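Notes for the structure review
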Amino acid sequence: MSTIYEFVERVATAQSEKTAIEKITNSNPTLTLEEAYEIQRLSIEKSISASNAFIGWKMGLTSKAKQLQVGVESTIYGRLTNNMLMNHNEITAADHIHPRIEPEVAFTFKSAIAGENLTAYEVWSAVEYVYLALEVIDSRYENFAFSLMDVIADNASSTKFLMGSQPYAPTTTDWAQIKVDVYHNGERKYEGVGAAILDHPIHSVIELLNLLSKEGRGIQPGQLVLAGAMTDAVAVKAGDTVTADYGVLGSLTINVK
Ligand code: 0L1
Ligand code: MG
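These numbers come from a predicted model, not from an experiment. (Residues numbered from 1 in each chain as written. Chains lettered and ligands numbered in written order. Predicted model: local features only at pLDDT ≥ 70, side-chain atom pairs only at ≥ 80, totals over all residues. Heavy atoms only, no water.)

Around ligand 1 there are 13 residues in total, and Lys58, Leu61, Glu102, Glu135 and Ser157 lie nearest to it. Contact distances for ligand 1 include 3.0 Å between an oxygen atom and a backbone N or O atom of Leu61. At a separation of 2.9 Å, an oxygen atom of ligand 1 approaches a polar side-chain atom of Glu102. Protein coverage of the free-state accessible area of ligand 1, which is 300 Å², stands at 100%. The pocket occupied by ligand 1, as judged from atoms lying within 2 Å of grid points, is the largest cavity. Sorting the residues of the shell around ligand 1 by element identifies β1 (54-60), α3 (64-70) and β5 (127-137) as the ones contributing at least two each. For the shell around ligand 1, a count of residues per class yields seven nonpolar, two polar and four charged. (Near = heavy atom within 4 Å. Polar contact = N/O pair within 3.5 Å; in protein donor to acceptor, adjacent residues only side chain to side chain. Areas by Shrake-Rupley, 256 points an atom, 1.4 Å probe, with all protein chains shown as cover. 1 Å grid on protein atoms, 1.4 Å probe; cavity = no way out; pocket = protein on both sides within 12 Å on 5 of 7 lines; lining within 4 Å. Sits in = over half its atoms within 2 Å of the grid points. Helix = DSSP H or I, 4+ residues; strand = E, 2+ residues; numbered from the N terminus. Nonpolar A, V, L, I, M, F, W, Y, C, P; charged D, E, K, R; others polar.)

Of all residues except glycine, most have a negative phi; of all peptide bonds, most are trans. In this structure, Leu61 is a non-glycine residue whose phi angle is positive, near 60°. Here Leu61 lies in the loop between β1 and α3. A positive phi angle is found at Ser157, which is not glycine, with a value near 60°. Among the secondary structure elements, Ser157 is positioned in the loop between α5 (148-153) and β6 (158-163).

A word on the coordination of the magnesium ion (ligand 2). Coordination of the magnesium ion (ligand 2) by the protein involves Glu102 (OE), Glu104 (OE) and Glu135 (OE), with metal-donor separations of 1.9 to 2.0 Å. Taken in sequence order, the residues that donate to the magnesium ion (ligand 2) follow the motif E-x1-E-x30-E. Taken together, the positions of Glu102 in strand β4 (residues 100-109) and Glu135 in strand β5 put the pair 33 residues apart, joining distant regions of the chain. Relative accessible area serves as the criterion here: at 3%, Glu102 is assigned to the buried category. For Glu135, a relative accessible area of 1% gives the class buried. (Donors = N, O, S within 2.8 Å, 3.2 Å for Na, K, Ca; no water. Buried < 20%, exposed > 50% of the residue type's maximum accessible area, 1.4 Å probe, protein only.)

UniProt's feature table lists "domain: Fumarylacetoacetase-like C-terminal" (unreviewed entry) at residues 73-256, given in the numbering used throughout. Each end of residues 73-256 is marked by a C-alpha atom, and these two atoms are 30 Å apart; helix forms 13% of the span and strand 35%. (UniProt positions renumbered as here; feature names shortened; annotations may be inferred.)

It is worth spelling out the sheet that holds strand β8 (residues 187-193) at this point. Within a sheet, neighbouring strands are paired by backbone hydrogen bonds and run either parallel or antiparallel to one another. With mixed pairing, five strands are arranged side by side in an open sheet as β3-β12-β11-β7-β8. Edge positions in the sheet fall to β3 (90-91) and β8, since each of these pairs with one other strand and no more. Bridging between strand β11 (residues 241-245) and strand β12 (residues 251-256) involves five bridges; their strand directions are antiparallel. Across the sheet, Val242 pairs through a bridge with Ile254, a residue of β12. (Pairing = 2+ DSSP bridges.)

The subject of this paragraph is helix α2 (residues 33-49). For α2, spanning 17 residues, the distance from its first C-alpha to its last is 24 Å, which sits close to the expected 24 Å at 1.5 Å a residue. Ala36, Tyr37, Ile39, Gln40, Leu42, Ser43, Ile44 and Ser47 are the residues of α2 that are buried. (Expected span 1.5 Å × (residues − 1).)

A word on the pairing of β1. The element β1 is largely enclosed, with a buried count of six among its seven residues. In this sheet, strand β2 (residues 76-81) lies alongside β1 in antiparallel orientation, the contact comprising six bridges. Paired with Met59 across the strands is Tyr77, a residue of β2. Pairing of β1 with strand β9 (residues 224-226) involves three bridges; the strand directions are parallel. Each residue of the ladder has a partner; that of Gly56, found in β9, is Leu224.

Further remarks concern the side chain of Gln67. Residue position: Gln67 is located in helix α3. For Gln67, a relative accessible area of 10% corresponds to the buried category. A polar contact is formed between the side chain of Gln67 and the side chain of Lys64, at a distance of 3.0 Å. When near neighbours in sequence (up to four residues on either side) are disregarded, Gln67 contacts Leu61, Val72, Glu73, Ser74 and Thr75. (Contact = heavy atoms within 4.5 Å.)

This part is about empty space enclosed by the protein. Under the counting rule described, the total for this entry stands at two cavities of 30 Å³ or more. There is about 100 Å³ of room inside the largest cavity. What lines the largest cavity is a set of 13 residues, and nearest its centre among them are Leu61, Lys66, Ile137, Ala156 and Ser157. Where the lining of the largest cavity is concerned, the elements lending two or more residues are β1 and α3. Among the residues making up the lining of the largest cavity, the classes are represented as eight nonpolar, two polar and three charged. (Points joined across faces, edges and corners; volume = space filled by probe spheres on them.)

See below:
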């Protein structure tokens, strides 16, 4: 049976070289949740020691639509590093395995917050801004197929994300009520609302803090959190364009070359 360190090597190499691998639970079907998060942590440590910086967290599988799409019924978290944050709205298909794009919102934090079962009121007091965001996910597993432990170890399929230019003050908008229409090559493919993310995107941060508090961790000032998708993810290839139209709040587009 492979050791945790062999899995870290396998996952980290697949992430950096953009190659598809067999599910790691094929060689260790008894992998635990704690071991899966440890593989995630250590593989991201390798990326950080290769000159990237840790900038925050993502929540994954926060909607029923997403859970049904991938057949995993549990919310999970992943780690975000600065090389994942896009500085222009283009990705290259050849730099990915089988990329998918999904509409999200992101929170930035002005103060530290940690703890279990916090209220929305307590979490909002630490939030600085809310941004529109598009996440590009790219599972390192063959055929985008995995179990809960596999996807946790693979950093919740994170690869890139784009944030809108406009920060929104948290209190100006009811983030559960926001609507999004997702266009794939000009055709409307999905529609969603903020409430698709655990009834309200702030609940996703509460859930993240519940998960982190089991490990004695929390959110630090200056970090950000991608809250989760409002619709299914759109599978893309070279030449495609995905636009998420959030109505009066604005829109975000990613071009795939
Ligand atoms: O961001 C997400 O919800 C993705 C979590 C992992 C599952 C997937 O790759 O679709
Ligand atoms: Mg996502």
